[in-house]
Amino acid sequence: MAYGPVAEAPVAYGPVADAPVAEAPEAEAPVAEAPVANLKSAIVMIIHVFARYAGTHSSGRSLSKEELRVLLEKELPGFLESGEDKDDAMEKVFRSLDTNEDATVSFQEFLLLVAGLLAACHKHFQEEGAS
Ligand SMILES: [Ca+2]
């Protein structure tokens, strides 16, 4: 699948950053209010995160194992440190994502990680909300 030069894609950003911040009345501070959600900006951010790490050492269209490791360490601190050996954990994550076994993680394959994390976080928030 051909991905264009992601980093230079002319993505039209909405005025996300300039969204007016509501002046919060102190008495009615909402409990654990989520930041202003915008799916488009979340998608753009995911594309940009991928592009930032893909291409440090390789073609820019996919993540080498080293690029994936740096991405995980910087963007998801602690992700690789859940009990087992960090190198083993990294190896497992890489192998589970590299479904076509070409020794790189494409954007499509990276989305497996993103989708998995999204599902896990969603479940976590639901359980938190239920208690
Ligand atoms: Ca692959």
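Position labels on residues start from 1 in each chain and follow its written sequence. Given that the model is predicted, a residue must reach a pLDDT of at least 70 before its local features are reported, and side-chain atom pairs must reach 80 or more before they are shown or counted; all residues, however, enter totals for whole chains, interfaces and linings. Hydrogens and water are ignored here; the side-chain numbers use all heavy atoms of the structure.

Looking at an unreviewed UniProt entry, one finds the protein chain named S100 calcium binding protein P, with Myotis myotis as its source organism.

Engineer: Where do I start with the overall build of the protein chain in this structure?
Structural biologist: Secondary structure elements follow DSSP: runs of H or I no shorter than four residues count as helices, runs of E no shorter than two count as strands, and numbering proceeds from the N terminus. Secondary structure assignment for the protein chain yields four helices and two strands. Residue contacts follow a heavy-atom distance rule, with two residues in contact if any of their heavy atoms lie within 4.5 Å. Relative to all contacts within the protein chain whose residues are 6 or more apart in sequence, the contacts with residues 24 or more apart total 45%. Accessible surface is estimated by sampling points in the Shrake-Rupley manner with a 1.4 Å probe; for residues, cover comes only from the protein chains shown. Put simply, the protein chain shows about 9,700 Å² of open surface, and 60% of that area lies on carbon and sulfur atoms.

Engineer: How should I be thinking about the coordination of the calcium ion in this particular structure?
Structural biologist: Six octahedrally arranged donors around a metal ideally form angles of 90 or 180 degrees; four tetrahedrally arranged donors ideally form angles of 109.5 degrees. Excluding water, the donors of a metal are its N, O and S neighbours within 2.8 Å, or within 3.2 Å for Na, K and Ca, and that exclusion means sites may look incomplete. Here the calcium ion is held by the protein donor atoms Asp98 (OD), Asn100 (OD1), Asp102 (OD), Thr104 (O), Glu109 (OE) and Glu109 (OE), which lie 2.2 to 2.6 Å from it. Irregular is the label for any site that misses the other tests, which are tetrahedral for four donors with all angles between 85 and 135 degrees, and square planar for four donors or octahedral for six when opposite donors exceed 155 degrees and the remaining angles lie between 65 and 115. One can describe the donor arrangement at the calcium ion as irregular, given that its six donor atoms subtend angles of 53 to 154 degrees at the metal. Between consecutive donors of the calcium ion, the numbers of intervening residues give the motif D-x1-N-x1-D-x1-T-x4-E. With a relative accessible area of 42%, Asp102 lands in the partly exposed category. Residue Glu109 is classed as buried on the basis of its relative accessible area, which comes to 6%. When accessible area is computed with a 1.4 Å probe and restricted to protein chains, residues below 20% of their type maximum are described as buried, those above 50% as exposed, and intermediate ones as partly exposed.

Engineer: For this particular structure, what's the right way to read the packing of aromatic side chains?
Structural biologist: Only Phe, Tyr and Trp rings are paired, with Trp represented by its six-membered ring, and only when their centres lie within 6.5 Å; those with planes under 30 degrees apart are stacked, over 60 edge-to-face, the remainder tilted. A full pass over the atoms with the stated rule returns three aromatic pairs. Both rings, one in Phe50 and one in Phe107, keep their centres 5.1 Å apart while their planes meet at 80 degrees; by these two values the pair is edge-to-face. Of this pair, Phe50 sits in helix 1 (residues 39–53) while Phe107 sits in helix 4 (residues 107–130), and the two are 57 residues apart along the sequence. Like Phe50, the residue Phe107 is buried in the burial classification. Geometrically, the ring pair formed by Phe50 and Phe110 is tilted, given 5.3 Å between the ring centres and 45 degrees between the ring planes. Pair noted here: Phe50 is in helix 1 and Phe110 is in helix 4, with a separation of 60 residues, a long-range link. Note on Phe50: relative accessible area 2%, which makes it buried. Phe110 sits in the buried class, given a relative accessible area of 4%. Within the aromatic cluster, the residues linked to one another by ring pairs are Phe50, Phe107 and Phe110.

Engineer: I'm lost on the packing of helix 1 against helix 2 (residues 65–75) in this one. Help?
Structural biologist: In helix packing, the relevant descriptors are the interaxial angle and the interaxial distance, both defined with respect to the helix axes. Helix axes are fitted to C-alpha atoms over the stretch in contact, other axes to C-alpha atoms as well, and angles between N-to-C directions run from 0 to 180 degrees. One can describe the packing of helix 1 onto helix 2 by two numbers: an axis separation of 9 Å at closest approach and a directional angle of 130 degrees. It follows that helix 1 is oblique to helix 2 by the angle criterion. Note that helix 1 runs across helix 2; the crossing there is right-handed. Residue-level contacts link Val49, Arg52 and Tyr53 of helix 1 to Glu67, Val70, Leu71, Lys74 and Glu75 of helix 2. Tallied by class, residues from the contact of helix 1 with helix 2 come to four nonpolar, no polar and four charged. Convention used here: angles under 35 degrees read as roughly parallel, angles over 145 as roughly antiparallel, angles from 65 to 115 as roughly perpendicular, and any remaining angle as oblique. Crossing handedness follows the turn of the near helix against the far one: under a right angle anticlockwise gives a left-handed crossing, and clockwise gives a right-handed one. Note that Gly is not counted as nonpolar here; it falls among the polar residues with everything else outside the nonpolar set of Ala, Val, Leu, Ile, Met, Phe, Trp, Tyr, Cys and Pro and the charged set of Asp, Glu, Lys and Arg.

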